[in-house]
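Geometric and topological summary
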Amino acid sequence: MHQMKKLIAANWKMNKAVPEAVSAAEELKKLVKNAKNAEVVVCPPFTALEAVGKELKKSNIKLGAQNMHFEGSGAYTGDISPLMLKSIGCEYVILGHSERREFFKEDDMLINKKVASALSHKLKPILCVGENLEERNRHWTQEVLEKQLNNCLQNVTKKQMKNVTIAYEPVWAISRGDPNHKAATSKDAEEGHALIRNFLSIIFDRKTAENTRIIYGGSMKPENAKDLLSRKGIDGGLVGNASLNAKSFAEIVKAAEN
Ligand code: 13P
């Protein structure tokens, strides 16, 4: 039976300039200082990564980026490399977020290169997968999840999977900043996680699938975190809007601790 520390990650998206980011990190650090049963990660925008990283040194909060290029360096105007992220103490990197797929036309092949690059640079990818509303209404959820996982995890080994987290982010449940947006029900989320874990056991094996952390993202907030996190196979959360407020995010961490 798989039993692992829950991962609660804040995806601040394109929010918070440096001073605001640092003060949020400072507040959060105090609020979650006793968290032991949950692993806490904060993913600020690139410009605030270094300053937030400094603020979080000697805390129990880890640093993550929201994206990266797959090359270590080169002529890629406007992009950020895994080496740069490593050099400022990043441990995690979110890859394949639906907002990157939708607004920046990132496809599975590109995301696969990024996953491979992250792993070879010893960064832990949080790989996002999830169906959109149309796909869900057409009952294509399973097909979409399997295609994304199959493509994005090409050439990733069972051993490397120890460092990969999958985030199930049904696109229709993502708040896009609306605090009243509806999350997936915990039952729907549990079903999505089961589909993902089952498919991982097909492309890898059962043990690898059971040991892979699969976290839920899409309007997770203090009000629904406990319910979602108590469901079988939900190993944490990737939190957008509710993570912008340190107190709300700390409440979600608390829900994961129990
Ligand atoms: P919300 O929590 O705002 O729905 O965002 C989820 C998400 O996209 C996290 O990556």
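Residues numbered from 1 in each chain as written. Predicted model: local features only at pLDDT ≥ 70, side-chain atom pairs only at ≥ 80, totals over all residues. Heavy atoms only, no water.

1. Focus on the site of the ligand
- In the vicinity of the ligand, the contacting residues are Asn-11, Lys-13, His-97, Glu-169, Ile-174, Ser-175, Gly-218, Ser-219, Leu-238, Val-239, Gly-240 and Asn-241.
- Within the side chain of Asn-11, an N or O atom sits 3.0 Å from an oxygen atom of the ligand.
- A distance of 2.8 Å separates an oxygen atom of the ligand from a polar atom in the backbone of Asn-241.
- Each residue belonging to the shell around the ligand can be placed in one class, and the counts come to three nonpolar, seven polar and two charged. (Near = heavy atom within 4 Å. Polar contact = N/O pair within 3.5 Å; in protein donor to acceptor, adjacent residues only side chain to side chain. Nonpolar A, V, L, I, M, F, W, Y, C, P; charged D, E, K, R; others polar.)

2. Describing the packing of helix α5 (residues 108-120) against helix α7 (residues 141-152)
- Relative orientation of the contacting elements α5 and α7 amounts to 45 degrees, with a least axis distance of 8 Å. Considered as vectors, α5 and α7 are oriented oblique to each other. Note on element contacts: α7 touches α5 through Lys-147, Gln-148, Asn-151 and Cys-152, opposite Asp-108, Ile-111, Asn-112 and Val-115.
- Split by residue class, the contact of α5 with α7 holds three nonpolar, three polar and two charged. (Axes fitted to C-alpha atoms, helices over the stretch in contact; angles between N-to-C directions. Helix = DSSP H or I, 4+ residues; strand = E, 2+ residues; numbered from the N terminus. Parallel < 35°, antiparallel > 145°, perpendicular 65-115°, else oblique. Contact = heavy atoms within 4.5 Å.)

3. Description of the pattern of salt bridges
- The final tally for this structure, using the stated rule, is 21 salt bridges.
- In this structure, Glu-91 engages Lys-62 in a salt bridge whose closest nitrogen and oxygen atoms are separated by 3.8 Å. Linking Glu-91 in the loop between α3 (82-87) and β4 (92-95) with Lys-62 in strand β3 (residues 61-65), this pair joins segments that are 29 residues apart in sequence.
- A relative accessible area of 23% places Glu-91 in the partly exposed class.
- Linking Glu-131 and Arg-136 is a salt bridge whose minimum nitrogen-to-oxygen distance equals 2.7 Å.
- Residues joined by salt bridges that share partners form a network here, namely Glu-39, Lys-62, Glu-91, Lys-124 and Arg-213. (Salt bridge = Lys/Arg side-chain N within 4 Å of Asp/Glu carboxyl O. Buried < 20%, exposed > 50% of the residue type's maximum accessible area, 1.4 Å probe, protein only.)

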